[in-house]
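Structural overview
Each chain, written out:
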Amino acid sequence: MSIISVNDLAVSFGSGNDLKQVVKSVAFEVAPGETFGLVGESGCGKSTVLGALAGRIKGWSGAVSIDGDMVGPKRSRAQLAKQQMVFQDPFGSLHPRHTIGRTLLEPLEIHGLDRRQERVEQVLRDVGLPPGFRHRFPHQLSGGQRQRVAIARALILEPKILLLDEPTSALDVSIQAEILNLLKDLRERSKLTYILVSHDMAVIAHLCNRVAVMQDGVFVEIATRKQLLEGGVQHSYTKTLLDGSRGYIPHPR
Amino acid sequence: MPEQSKPILSVKNMSVQFPTLSGVVNAVKNVRFDVGREKVGIIGESGSGKSTTGRAIMRLQPDTARVVADEMRFEDVDLLAASEADMRAIRGSRISMILQDPKYSLNPVMTVGEQIAETVILHERLGKKAARERTLAMLERVNIRDPQRVFNLYPHEVSGGMGQRIMISMMLISSPSLIIADEPTSALDVTVRQQVLSILDDLITERNIGLIFISHDLNLVKSFCDRVIIMYAGRIVETIDAARLDEATHPYTRGLLEALPSLDHPRDRLEVLKRQASWAEA
Amino acid sequence: MSISQTSGNAPAGGRAALGALRKVTASFAVILTTLLGLLVITFVVGRMVPADPVIAVIGDQADHETYERVYKEMGLDQPLYVQFATYLGNVAHLDFGQSHVTKHPVASDLARVFPATLELATLATIIGAGFGIPLGIISAVRKGTWVDHLARIVGLLGHSTPIFWLGTIVILVFYAKFGLIPGSGRLDVYNEGLVEGPTNSILVDAILAGEWEVFWDALLHVAAPALILGYAAMAYLSRMSRSFMLEQLRQEYVLTAKAKGLGQRAIVWRHAFRNIRVQLLTIVTLAYCGLLDGTVLIETVFAWPGLGQYLTSALFFADMNAVLGSVLLIGIISIAINLLSDLTYRFLDPRTR
Amino acid sequence: ATPKDQLVIATNMSSMRGLDPNELNQLESAEIVANLYERLIVLSADDITKPQPGIAESWTVSDDGKTFTFKIRSGVTFHSGNPLTAKDVEWSLRRLVKLGLAPSVDLRQWGITDKNVDELIKATDDATVVLQTPEVWNPNLILFSLASFSTSILDSQLLAKNEKNGDMGREFLQTNDAGSGPYSLRTWRVNDLLISDAFKDYWQGAPKMRRVILRHMPESSGQRLQLEAGDVDVATRLSSTDLAAIEAGGKADIQKTPGFGFYYLALNQKDEILSKPKVREAFRYLIDYDGLANTVMKYYGIKQQTIIPGGLPGASTDNPYKLDIDKAKQLLAEAGYPDGFSKVYYATPVTPEYEVAQSLQANAAKAGIKLDLQGGDHIGKFRNREFEIFSARTGERLPDPHAVLASYATNPNNADDAKLSGLIAWRSAWEVPKDIQDMVTAAAHETDQEKRAVLYAKINKAYLDASPALITSFQRTDAKAVRKEVKGYVGHSTWLTRWDTVSKGK
Amino acid sequence: MATRYFNDLHNWLINEEFSSTRQARLHKAYVLWLNLIANPLAFAGFLVVLMLVLIATIAPLLANHDPIAQDLRMALKPPSSANWFGTDEFGRDVYSRLVYGARTTLYISILVTVIVAPIGFAIGATAGYLGGWVDVVLMRVTDIFLSFPSLVLALAFSAALGPGIENAVVAIALTVWPPIARLARAETLTFRAADFVVAAELQGAGMGRILFRHIVPLCAPSIIIRLTLNMSSVILTAAGLGFLGLGAQPPMPEWGAMAAAGRQYLLDAWWLTTVPGIAILLVSLAFNLLGDGLRDIMDPRNA
Ligand SMILES: Nc1ncnc2c1ncn2[C@@H]1O[C@H](COP(=O)(O)OP(=O)(O)OP(=O)(O)O)[C@@H](O)[C@H]1O
Ligand SMILES: Nc1ncnc2c1ncn2[C@@H]1O[C@H](COP(=O)(O)OP(=O)(O)OP(=O)(O)O)[C@@H](O)[C@H]1O
Ligand SMILES: [Mg+2]
Ligand SMILES: [Mg+2]
């Protein structure tokens, strides 16, 4: 039984002469508790797939079912709450003039949930931040701390699925490690399902069970973690990406 | 070759300070390093002072910044004593700088050819025509296939990889002896990165010049550079041969290495850096 | 190879032409709706104005029958929408009707007053931009220094001084006291009627007719009002240039240029300035359009027979046709200028080509 | 400096309504028309109540007083070269009535309508025109009317040639002239400039000034500076301080030409409070006559609290009222308003009317009357009786008391639907006492000048005693500044200032 | 002792380790203040505006005459020890009228701001946020108002609405809102795709919440700055209307109307126009300097 099932997903932007198909007939399934990776080069459509799943992008076609529920481009509040998204840039994903507390309270207000203070404190604890941070503004936090807040905001509605769009690519190695560990812990603790977008094969291999390799809007390969680590991938593009993650390879003169 | 071993750049006890509302920020503290005809990487976490160091060498720090040092010598020039006019003559002709993102680092309303040619017109007093010739040759050198056409393109009409190659031609056209590259490839895709780096690598080797390569990608610095300087909180905590980076001893460097997820040595949990106050004082 | 390229390009070229055509049609539709909107609002507001057009024509003491007769004659007994439709129909035939006050056809009145304003506003814009833009740029380059402060105060003073006051003071000092400038109006009486040219812009007509004495006289007359107006426009232009330039100087490419060894002058004028040309063009356009309709006070002080005066007095005498015609003209002109500057953008900014 | 043979007049053209004599209604245009055209009768500026021959060489009035026969001067030509004949006179006077525009009241008030005009005005031969009136009027009233700019003689042949859709040449006349006067129109640029050239073949000889130029100068200070610098010969729209300064400067003379109209205050009689005679009376004590006379009104008016303008039969120099707040308070208390009241007060925001209004507002406040002064154009509301208090000024064009009295003191039907909106008494909803109205009518029909003068003196007194709803404070004067070297430019009370009498010399 | 206290306060305010939201807000305000002090022109502007507010508040204490009491015998007297700035054509004390006029000026400025800011924002933000035909229609309307000669628009509307200061304010507001709407639209466009807005949308936030809780705080500085910069033209337009009998009605003292009414006495009674003229000049200069400074300080892009 899969918690996410995507069939024939296609997304295009623009209209008329400028119509551009960005994602072309993509299909995949994700089992509950699984972490599914998406990797590919800039502009290949990773974020777009995520956006369609999250309900952010409306102009898509295909069949998407989330938690056994067929969803369309327009979502109800309850449907929206089932999956939440974490963005790449921790500097742009928090409202610069809202305190952390306000940022975390807002989803609770929207969904009319109770025990608000309690929940805020709980979720801050979950992501490893002291409760005093509620009074701070984003510019007073480090990148890693902000990303934790962003994760906390996603978690506060108790979703089943987290959609992670390059959650660590703007962070330093040391901070990245903290966030990756946190994501692992949360996954265990709350039985979460992840879809993780990254361009770093090492990060994907560290966290994901399976990964879809995307090029120009299509999946060229879906590989397992084992295949990545042991070099058992099929597609040449996947291999290039794997090599790139290892650093610079001087070309023979 | 004794000439070879003599450092091109020698920096002794350089500090950079920014006065701010809440006091003076010491962005760089007493750093000391030499650069010869080699590729020196500078790594460190964000805010550790890498870019500030690079800019201070070219005296391109913001107006508010204060740079002090015991010595800053570039070849035969005392950078501390040089006038602004001296510096202008040095910049672009003897020391060049490659910036991170070609999208923003090129003037959007000038053709790329014009921007490259400007360097030689300025420093070598070449005529328009000669400058154009030189530019076309340089473009060819960085593996651009149709230089005539590219010469007349505007920055928004070229891809990221091509843009970075244009940036490289612009900065290398006057044959500088030192290049400072501040994260030259972090805006590029993995595949493009390879191409750009190999062009840079070739040019450096071919011309036998020095490179300061600023990056926060450990794997990249390890595989690309000859020597690595590791910075933490404005200080150099360690300098080590790139090949021996894995054997680094400083706990900060070790921490960085262990925090890195790796395809070759998968780990279930990553080590988290435990910062110590003493690193910042060392 | 070359064949396949041409055959591949042909439909693309055709599509581009089609796209351009569609763009032209679209912008034409936009212009029409804007003009229509302008007219509707003007018409409605004009009818709301308490001034009674009939009384404006017949005077306060006329009796009721005269009032009724003229009321009908002016078509005011028709429902509003009929009046408006009639007006639109006339406009479509390029007939703007007759001014109730001057009794001239509005079109001929406009042909006379508009060139006067155009002359004034053009010179003022040239002066404002000629001083304002360099001032703003110097200010930006020297941000925070006394040069910056001084430049800003000088610029802002022009923006904050009541124009009618400044105008009268200038007349008092430079005309009455020192006799350095001619008084009000466009020409000395001696030169009146010497050129009655095709454009109604005395400067241009005098050149066309080769009447240099008239030309210099006209130039002397326009100097003071144009300088004052230009000074007022300067503040806006210099402030905006300053902030545009500051923004450019923060850009990464400026660092690149510095790293190449360029000096400040080259960076400012060769690199940054090119980047703000489009924005400058926009604000100069805006300032120009603003001046076209904002000359009311200066025209009054200097007895300059321009559009501003014509429009305000028409408004006060509820001279609807004159008001509608003037507003329409200003609307058309500002749209035309904007279109023109749009075209120039494409030329100046490669990204919009 | 201005050229020796040209006259430059600074004026405000923004309210100029074209140059068709049968259409315009406004002072600046009238002065121009006065010089482009000629009329049967001339009223000279220094003796304005004495009709003198113009285009009519002579005239006779029938014994029954209803038929006027005019002998037309021969040898007069229009600017077009056409000779001026009785036909032109007939055509012009009929045109005035038939067009029925504002100035047509000059003839229509005597009972001549577009129905009967072809009967009543006739050219019997090339040199004779006969005009009949349905009723007997004092002959001066008719003759004065024929001296008005509206009865100018137009070139009927020229206009016939330039007629469009039966408009009797209206369109042509907007930008051209068709007159026989000493000057012909050369250029007229709206709100800018008007140039007129001397008419060489003028029957009284070509005027001295080769050219007269009118320049639009809306600012008083501008006019003053140009006048003082000698770039302008005559300035016509000056503020009182500028006039005072010019007078002190000694380079120019100030001409105060009395006009036949008043600055008035209208109290709407449909308003309960304002209709109380004591309240009306109280307002008379709230005007600072002397203060205003020395400041704001110094050049704009002559203190005149009675209804007949100075210089006309029956006029009085008595001014019984002065500013007296206590007296006003007392009157208000007697009327039952010891604590005052508040009213909306409309006044046009132009000099000096607005200053007068503000002064009244301040004094009324001291007496407990709160006036909410609103500037803007409220004539329409006044005409429709939709106001509480209103003030403005009038300008009648007949040098005869009847012109003022007809408007201020007759109101044959005070009903709303009577729509006698030409009469300011009706606009104020004032039931003018019957006896006053009867005397006004009688005086107009009275042919004996002596008796008339007595009657007017009586009316003047009765009006003052009636505590009228229309309170007059100052008689209008029009002040102009004329440079000393300009001779013969004489302001005319009925707006017909002549330029052909002007000469310049040291 | 006191210095100690101030030092402590300074440190408490400057410290970024907050213990409460209030401290965080105070910190922001304090940093703004420090930046303002560091910018001499902006600070000068600030002081003048502050003075305007102060003068308006305590006008009755400062005035030494009744601002509306007329005395025609005292008309047009030059400045003297009794009438510091002379008297006007009704013999009213210009100095006292000037002091009271500060109230009117402030009243106009505030009222225009209060009307224009929400309307301009609502229209611009709605257009920017919804896009599509709503955007097209709203921006078309805005353009129509923009392509109007602004003084004429103000004139026509205040003539239509009738005289009175409130009506003048409404008429002025009609000419001021379109640029604000454009600004709000531009800002909304930049923020509407921001990650934090998307995040809120993905949590089910509606348009009202997004606009008023997320976009408003971000647009506010630039709108406030624009309004500050507009203030001088607002005051000058009010002045022009006042002169034409459409703005403030007599005897209410209003600087613009005073300056304009004094115009006809300019050659002889220079103080009538000059004094209020300089007051207008000072205040509008101050608003401009303050606005410029605020932009330098508050807009991170100008840092
Ligand atoms: N709103 C949009 N309108 C038009 N085109 C869009 C839009 N959003 C994305 N695109 C285009 O769709 C393509 C895929 O974008 P997407 O953001 O999904 O790429 P990505 O794989 O996430 O890249 P990156 O690694 O840079 O984030 C790109 O070419 C982009 O230009
Ligand atoms: N203009 C400035 N004013 C004040 N502080 C500054 C300024 N520029 C840099 N700093 C401070 O100097 C320190 C070093 O900054 P620098 O940009 O050199 O870091 P970096 O190592 O290049 O980081 P990154 O990897 O993010 O580019 C930082 O703490 C930064 O806050
Ligand atoms: Mg993406
Ligand atoms: Mg850096």
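Residues numbered from 1 in each chain as written. Chains lettered and ligands numbered in written order. Predicted model: local features only at pLDDT ≥ 70, side-chain atom pairs only at ≥ 80, totals over all residues. Heavy atoms only, no water.

Put simply, the test is: UniProt positions are given in the numbering used here, feature names are shortened, and annotations may be inferred rather than shown by experiment.
Identification of chain B as Oligopeptide transport ATP-binding protein OppD from Rhizobium grahamii CCGE 502 is taken from an unreviewed UniProt entry. Chain B has a UniProt comment under Sequence similarities (unreviewed entry) that states "Belongs to the ABC transporter superfamily." Taken from UniProt, the Subcellular location (unreviewed entry) comment for chain B reads in full: "Cell inner membrane".

1. Things to note about the site of ligand 2
Residues and elements named next belong to chain B. Which entries qualify depends on this criterion: One heavy atom within 4 Å of a molecule or strand is enough for the residue carrying it to be called near that molecule or strand. Identification of polar contacts relies on pairs of N or O atoms within 3.5 Å, with a donor-acceptor requirement for protein atoms, meaning one able to donate a hydrogen and the other able to accept it, and with residues adjacent in sequence counted only if both atoms are side-chain atoms. Using a 1.4 Å probe, accessible areas were evaluated by the Shrake-Rupley method; residue-level cover was limited to the displayed protein chains. In DSSP terms, a helix is any run of H or I states spanning at least four residues, a strand is any run of E spanning at least two, and both are numbered starting from the N terminus.
The environment of ligand 2 is made up of Phe18, Ala27, Glu45, Ser46, Gly47, Ser48, Gly49, Lys50, Ser51, Thr52, Pro62 and Glu183. A distance of 2.8 Å separates an oxygen atom of ligand 2 from a polar atom in the backbone of Gly47. At 2.6 Å, a side-chain N or O of Ser51 approaches an oxygen atom of ligand 2. Contact with the protein chains covers 63% of the free accessible surface of ligand 2, which is 630 Å². With three residues, the single largest contributor to the shell around ligand 2 is helix H2 (residues 50-57).

2. Some words on the pattern of salt bridges
How we decide: When a carboxyl oxygen of Asp or Glu lies within 4 Å of a side-chain nitrogen of Lys or Arg, that pair is called a salt bridge. A 1.4 Å probe rolled over the protein chains alone gives each residue an accessible area, and that area as a share of the maximum for its type sets the label: buried under 20%, exposed over 50%, partly exposed in between.
Counted by the stated rule, this structure contains 80 salt bridges over all chains. Asp118 of chain D is the salt-bridge partner of Arg94 of chain D, the closest N and O atoms lying 3.5 Å from each other. One end of the pair, Arg94 of chain D, is in helix H2 (residues 86-99); the other, Asp118 of chain D, is in helix H4 (residues 117-120), and 24 residues separate them in sequence. Arg94 of chain D sits in the buried class, given a relative accessible area of 15%. The residue Asp143 of chain E makes a salt bridge to Arg140 of chain E at a minimum N-O spacing of 2.8 Å. Placement of both Asp143 of chain E and Arg140 of chain E in helix H6 (residues 132-146) is noted, with a separation of three residues, approximately one turn of the helix.

3. Some thoughts on the site of ligand 1
Residue and element names in this part refer to chain A. For ligand 1, the full set of nearby residues is Phe13, Lys20, Val22, Glu41, Ser42, Gly43, Cys44, Gly45, Lys46, Ser47, Thr48 and Glu166. At 2.3 Å, a side-chain N or O of Thr48 approaches an oxygen atom of ligand 1. Relative to its unbound accessible area of 630 Å², ligand 1 is 58% covered by the protein chains. For the shell around ligand 1, the elements supplying multiple residues, two or more each, are strand E2 (20-30) and helix H1 (46-54). Examining the composition of the shell around ligand 1, we find that three residues originate from one element, H1, more than from any other.

4. Side note on the environment of Ile223 of chain E
Residue and element names in this part refer to chain E. Using the following cut-off: Contacts between residues were defined by any pair of non-hydrogen atoms, one from each residue, lying within 4.5 Å.
Assignment of secondary structure puts Ile223 in helix H10 (residues 207-243). Take Ile223: its relative accessible area is 6%, and that puts it in the buried class. Along the primary structure Ile223 and Ala184 are separated by 39 residues, whereas in three dimensions their C-alpha atoms are 7.3 Å apart. Sequence-distant contacts of Ile223, that is, excluding residues within four places in its chain, are made with Phe121, Ile180, Leu183 and Ala184.

5. With respect to the interface of chain D and chain C
Going by this rule: A 1.4 Å probe defines the accessible area here, and the buried area is the portion of it lost by two parts on being joined, summed over both.
With 53 residues of chain D at the contact, the number on the chain C side is 52 residues. Taken together, the two surfaces of chain D and chain C that pack against each other cover about 4300 Å², and 50% of this comes from carbon and sulfur. Among the residues chain D hides against chain C, the three largest losses belong to Arg17, Val190 and Leu225 of chain D. Together they make up 14% of the total. Taken together, the connections running from chain D to chain C amount to two salt bridges. A salt bridge links Glu23 of chain D to Lys103 of chain C; its shortest N-O distance comes to 2.7 Å.

6. Section: the sheet that holds strand E9 (residues 210-214) of chain B
Residues and elements named next belong to chain B. Selection criterion: Any two strands are treated as partners once DSSP identifies two or more bridges connecting them. Convention adopted: a line fitted to C-alpha atoms gives each axis, helices being fitted over their contacting stretch, and angles between N-to-C directions are expressed from 0 to 180 degrees.
The sheet built from six strands is open, its strands ordered E7-E8-E9-E3-E10-E11 with mixed pairing. Where the open sheet ends on each side, the last strands, each with one partner, are strand E7 (95-98) and strand E11 (235-241). Across the sheet, the axes of successive neighbouring strands diverge by a mean angle of 20°, strand direction being ignored. Pairing of E7 with strand E8 (residues 178-182) involves four bridges; the strand directions are parallel. Its bridge partner lying in E8, Ile98 is registered against Ala181.

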